[in-house]
Amino acid sequence: MGKAPRSVSPHAHGRSEVWERPKLQGRIRVIQKRFGARVRALRMEAGFSQEAAAERIGIHSKHLQRLESGKANPTLATMAAIGEAFSVSIGALFSS
C-alpha cells in the first residue's frame with residue numbers, strides 16, 4: 001500500500017517569496033553591489049587576479065566575477081570561504 005499524499009503548505013520548500021517583494025529586491029541588489037565592491041577591494045589589496053583569488057577561495061573565476069559585479073547572490077559557504085581566503089570575518093565583507 002502506498003502512502004496517502006501529504007498536504008503541502010504553499011510556503012514549504014518552494015520558491016522564496018523574498019524575490020517577489022520589490023522593495024526588498026532593491027535592497028538586496030544594493031547589498032550585493034556593496035558586497036561585490038568589498039570583495040573586489042580585498043582582492044586588489046591582496047594583489048590577486050580574479051583567477052588567483054577564485055582558486056584561493058575555491059570557486060570558479062566566473063562566479064567571482066559575478067559576485068564582484070553584484071550579479072550573484074553568495075551563499076553562506078561562499079562568504080565563509082571568501083572570509084577565510086582574505087583573513088576577514090564574514091561581517092567585514094559588508095563593511096567598507
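Residues numbered from 1 in each chain as written. Predicted model: local features only at pLDDT ≥ 70, side-chain atom pairs only at ≥ 80, totals over all residues. Heavy atoms only, no water.

A.B. asks: Can you walk me through the nonpolar core in this structure?
C.D. replies: Here is a general trend for soluble globular proteins: nonpolar side chains tend to be buried in one another's company. Counting 15 residues, the largest nonpolar core has Phe35, Ile57, Leu64, Ile82 and Phe86 as the members making the most contacts within it. Of all the secondary structure elements, the ones that give two or more residues to this core are α1 (22-46), α2 (50-57), α3 (61-68) and α4 (76-86). Element by element, the count of residues in this core is highest for α4, at four residues. Apart from the residues within four sequence positions on either side, Phe86 is in contact with Leu42, Arg43, Ala46, Phe48, Ala53 and Ile57. (Core = buried A, V, L, I, M, F, W, Y, C linked by side-chain atoms within 4.5 Å. Buried < 20%, exposed > 50% of the residue type's maximum accessible area, 1.4 Å probe, protein only. Helix = DSSP H or I, 4+ residues; strand = E, 2+ residues; numbered from the N terminus. Contact = heavy atoms within 4.5 Å.)

A.B. asks: What am I meant to see in the pattern of salt bridges here?
C.D. replies: Opposite charge on two side chains makes pairing possible when the charged atoms of those side chains draw close. Under the counting rule described, the total for this entry stands at two salt bridges. The salt bridge partner of Arg40 is Glu68, with a shortest N-O separation of 3.5 Å. Within this pair, whereas Arg40 is found in helix α1, its partner Glu68 is found in helix α3, the two being separated by 28 residues in sequence. You can call Glu68 buried: its relative accessible area is 2%. Between Arg43 and Glu68 there is a salt bridge, and its shortest N-O distance comes to 2.6 Å. With Arg43 in helix α1 and Glu68 in helix α3, this pair connects stretches of sequence that are 25 residues apart. A relative accessible area of 10% places Arg43 in the buried class. One connected set of salt bridges, linked through shared partners, spans Arg40, Arg43 and Glu68. (Salt bridge = Lys/Arg side-chain N within 4 Å of Asp/Glu carboxyl O.)

A.B. asks: Would you mind showing me how to read α1 here?
C.D. replies: Given 3.6 residues per helical turn, the α-helix brings residues three or four places apart onto the same face. End to end, α1 covers 36 Å across 25 residues, agreeing with the expected 36 Å (1.5 Å per residue, within 8%). Every buried residue of α1 is listed here: Ile28, Gln32, Phe35, Gly36, Arg38, Val39, Leu42 and Arg43. On its buried face, α1 sits against α2, α3 and α4. Taken from the residues just after α1, Gly47 is the one with a positive phi, measuring 80°. (Expected span 1.5 Å × (residues − 1).)

A.B. asks: Is there a simple way to think about the side chain of Gln50 in this case?
C.D. replies: One can find Gln50 in helix α2. On the basis of relative accessibility, which here comes to 18%, the residue Gln50 falls in the buried class. Here the side chain of Gln50 touches Glu68 through a polar contact of 2.8 Å, side chain to side chain. Beyond its immediate stretch of four places on either side in the chain, Gln50 contacts Arg43, Ser61, Leu64, Gln65 and Glu68. (Polar contact = N/O pair within 3.5 Å; in protein donor to acceptor, adjacent residues only side chain to side chain.)

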